[in-house]
Amino acid sequence: MCQRPNFQDSPTTPRESLLVGGQLFGGECREALSVIGHSTDNSVVKEKMRATFEYRQKLVHDPNASSSLLDVFPRFLDTPGLIDQDFSMMLGDDVSERFLTKWPSYFKEKSHRRKQKSSINSLC
């Protein structure tokens, strides 16, 4: 029988990232944020997003700043692959790939149940 790992840390627990080389800080980070906001080249955006990962993780784990994440990094909304890139940097390629493989079926099932529930409620 395959035993699942026992994860005791919550999603809000800061953890060491697996792939954080080449991170930008200070003025270089601010410059990268500007490039991210203005570039139309997705490869440049992905490169700068990778280089600002540690800064983004600090925002995510700061209760006063986490709500501004999409204001600081709006390219999550229009650039495919950025969430996957962050997952890979946080958890490694294997875990990220397994998550993305399972996510569509989980999401589809959950949205289907929500739709059924909505249909039943509209009949009442």
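For the structure itself, consult the block above.
Here the structure is a predicted model, which is why all the values come from computation and not from measurement.

1. Description of the overall build of the protein chain
What the protein chain contains, in helices and strands, is six helices and zero strands. The linear arrangement of helices and strands in the protein chain, starting from the amino end, is α-α-α-α-α-α. The burial tally for the protein chain puts 23% of its 124 residues in the buried class. Partitioning the intrachain contacts of the protein chain with sequence separation of at least 6 by distance along the chain shows that 59% fall at a separation of at least 24. Summed over all atoms, the accessible surface of the protein chain reaches about 9,600 Å², with 56% contributed by carbon and sulfur.

2. Observations regarding a negative patch on the surface
Together, Asp84, Asp93, Asp94 and Glu97 give the surface a local cluster of negative charge. Of all the elements, helix H6 (residues 93-123) adds the most residues to the negative patch, at three residues. Residue position: Glu97 is located in helix H6. Glu97 sits in the exposed class, given a relative accessible area of 56%.

3. Notes on helix H1 (residues 26-38)
Relative to the 18 Å expected for 13 residues at 1.5 Å per residue, H1 spans 19 Å between its end C-alpha atoms, a close match to the ideal helical length. Listed in full, the buried residues belonging to H1 are Cys29, Ala32, Leu33 and Ile36. Projected down its long axis, H1 carries its buried residues within an arc of 105 degrees, all on one side. Of the residues in H1, the exposed ones pointing more than 90 degrees away from the buried face are Arg30, Glu31 and His38.

Rules and cut-offs
- Residues numbered from 1 in each chain as written.
- Predicted model: local features only at pLDDT ≥ 70, side-chain atom pairs only at ≥ 80, totals over all residues.
- Heavy atoms only, no water.
- Helix = DSSP H or I, 4+ residues; strand = E, 2+ residues; numbered from the N terminus.
- Buried < 20%, exposed > 50% of the residue type's maximum accessible area, 1.4 Å probe, protein only.
- Contact = heavy atoms within 4.5 Å.
- Areas by Shrake-Rupley, 256 points an atom, 1.4 Å probe, with all protein chains shown as cover.
- Patch = residues over 30% accessible without salt bridge, like charges linked within 9 Å, V, L, I, M, F, W, Y side chains within 5 Å.
- Salt bridge = Lys/Arg side-chain N within 4 Å of Asp/Glu carboxyl O.
- Lys, Arg positive; Asp, Glu negative; His and termini not counted.
- Charge placed at Lys NZ, Arg CZ, Asp CG, Glu CD.
- Expected span 1.5 Å × (residues − 1).
- Arc of directions from axis to C-beta.

Any functional reading would require information that these geometric values do not contain.
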